[in-house]
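Observations on the model geometry
Spelled out from the first residue to the last, the chains are:
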Amino acid sequence: MDHSSSTCSVNDFYDILTRGLDELNDSFTSNIEFLQKVLSFLRCFHSELTVLVQKLHLPVGEKWLDEYMDESSRIWEACHVLKSCLSAIETYYINGFNIASSLDIIIIGGYDDHHHLTRHVSRQVIRAINGCQREFIGLEEENKRMVETRAQHLSSIRFDDKIINVSSKYNGFHGFRGVLYAMKNVNTFLLSILINALVHNNGLPESSMAGSHVVFGSSFMVSASRLQERIANEMESAGEKGIMVNELRTVKINMGELKYELEKIVKYDEEASSSSSASSQVEMIKEKVDNFKNSLGLLKCGVEAIIGQVDDFFDEIVEGRKKLLDICTHR
């Protein structure tokens, strides 16, 4: 999607929504890179909506401004939930890096003296891993509570082409009310993707398509429904609750494999075995540590990028609200 494109009319805005959703469908993966695109399009749609409002020359003092402000406040609150949970993931991977670094020091220091990696040391690292795993379980529970108490509005969404096109109230303010209705649904949908992938998988909100025909402004609904079905199938096939993004799954898997190798030392007393056996065990643990660090690095880069985007989005929301208030004040 060309993010430099400019909205000239209500029709253009619906076209932008449709193209954006189609591009997301074409580029769908369960990776953080896809979530960055989702957030990028969310920001783009918000920016285009602000531009459209300015070009429609809406009447000052009418309800459209209140509706716009309510919607931007809703986005603001949902993004705060997202950022709070991302900050918790930051703590999780920092603890993971600490575990990997401590093992690096032990392995490097004891490469010629395998007794450095003893049962006692292995137990210490295993306790640290267990603590990190418990923290993650607590993180998921806290995320679930936060979604249930602060992001309830992400559970309702209706893609109903009869409502937006037949009801005269959605044609008010030169069609802006219909645009805002569309935007609320798309915002809910995109935010729910982010929340389910990074915070807590509570299932995507269900949509309602009133018909298979496409009328004015409804093509974006078809695109949204298609993307929703694709993501829902992926979530169902994964069969997991909790945070769904692949980078975090990989970290959890690699941490578990590292813990398993350390448990073997504790169980079989590898430090008392032959030198070749001990050397082989150290090499295996070194490989697991490297895999663990690599997955932590990918998670860290992705989370930091999304946090940066969310911070930029906060600034854009503030700027958009101020711009429209200034327009109404100076007319």
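The notes below deal with the structure included here. (Residues numbered from 1 in each chain as written. Predicted model: local features only at pLDDT ≥ 70, side-chain atom pairs only at ≥ 80, totals over all residues. Heavy atoms only, no water.)

**Overview of the packing of aromatic side chains**
- Here the structure, examined in full by the defined rule, presents seven aromatic pairs.
- Here the aromatic rings of Trp64 and Phe176 are separated by 6.1 Å at their centres, their planes lie at 85 degrees, and the arrangement is edge-to-face. Placement of Trp64 in helix α3 (residues 63-109) and of Phe176 in helix α6 (residues 176-198) is noted, with a sequence separation of 112 residues between them. Each member of the pair, Trp64 as well as Phe176, carries the same accessibility label: buried.
- Aromatic side chains Trp76 and Phe314 sit 4.7 Å apart centroid to centroid with 50 degrees between the ring planes, which places their arrangement in the tilted category. (Phe/Tyr/Trp six-rings, centres within 6.5 Å; stacked < 30°, edge-to-face > 60°. Helix = DSSP H or I, 4+ residues; strand = E, 2+ residues; numbered from the N terminus. Buried < 20%, exposed > 50% of the residue type's maximum accessible area, 1.4 Å probe, protein only.)

**Side note on α6**
- In this model, α6 (23 residues) spans 32 Å end to end at C-alpha, consistent with the 33 Å of a helix rising 1.5 Å per residue.
- α6 sits mainly inside the fold: 21 of its 23 residues count as buried. (Expected span 1.5 Å × (residues − 1).)

**Overview of the pattern of salt bridges**
- This model, assessed by the stated rule, comprises twelve salt bridges.
- A salt bridge links Lys288 to Glu257; the nearest nitrogen and oxygen atoms lie 3.4 Å apart. Here the residue Lys288 occupies a position in helix α9 (residues 275-330), and Glu257 occupies one in helix α8 (residues 246-268), the gap between them amounting to 31 residues.
- Close ionic contact of Glu304 with Lys300 constitutes a salt bridge, the shortest N to O distance being 2.9 Å. In this pair, Glu304 and Lys300 are both assigned in helix α9, four residues apart and thus about one turn of the helix distant.
- Classification of Glu304 as partly exposed rests on a relative accessible area of 37%. (Salt bridge = Lys/Arg side-chain N within 4 Å of Asp/Glu carboxyl O.)

**With respect to the packing of helix α1 (residues 10-26) against α6**
- At a minimum axis distance of 11 Å, the contact between α1 and α6 shows a crossing angle of 15 degrees. By the angle class used here, α1 and α6 are roughly parallel. In this structure, α1 crosses over α6, and the sense of that crossing is left-handed. Across the interface between the two elements, Val10, Phe13, Tyr14, Leu17, Leu21 and Leu24 of α1 pack against Gly178, Val179, Ala182, Met183, Val186, Phe189 and Leu190 of α6.
- Here the residues of the contact of α1 with α6 sort into twelve nonpolar, one polar and no charged. (Axes fitted to C-alpha atoms, helices over the stretch in contact; angles between N-to-C directions. Parallel < 35°, antiparallel > 145°, perpendicular 65-115°, else oblique. Left-handed = near helix turned anticlockwise from the far one by under 90°. Contact = heavy atoms within 4.5 Å. Nonpolar A, V, L, I, M, F, W, Y, C, P; charged D, E, K, R; others polar.)

**Some words on the nonpolar core**
- If you look at the biggest cluster of nonpolar residues, it comprises 94 residues, and the most contacted ones within it are Leu17, Phe34, Leu35, Leu190 and Ile193.
- The set of elements that each furnish at least two residues to this core consists of α1, α2 (32-56), α3, α4 (119-150), α6, α7 (219-238), α8 and α9.
- Counting residues per element, this core draws most heavily on α3, which supplies 19 residues.
- Beyond its immediate chain neighbours, meaning those up to four positions away, Leu190 contacts Leu21, Leu24, Val38, Leu42 and Phe45. (Core = buried A, V, L, I, M, F, W, Y, C linked by side-chain atoms within 4.5 Å.)

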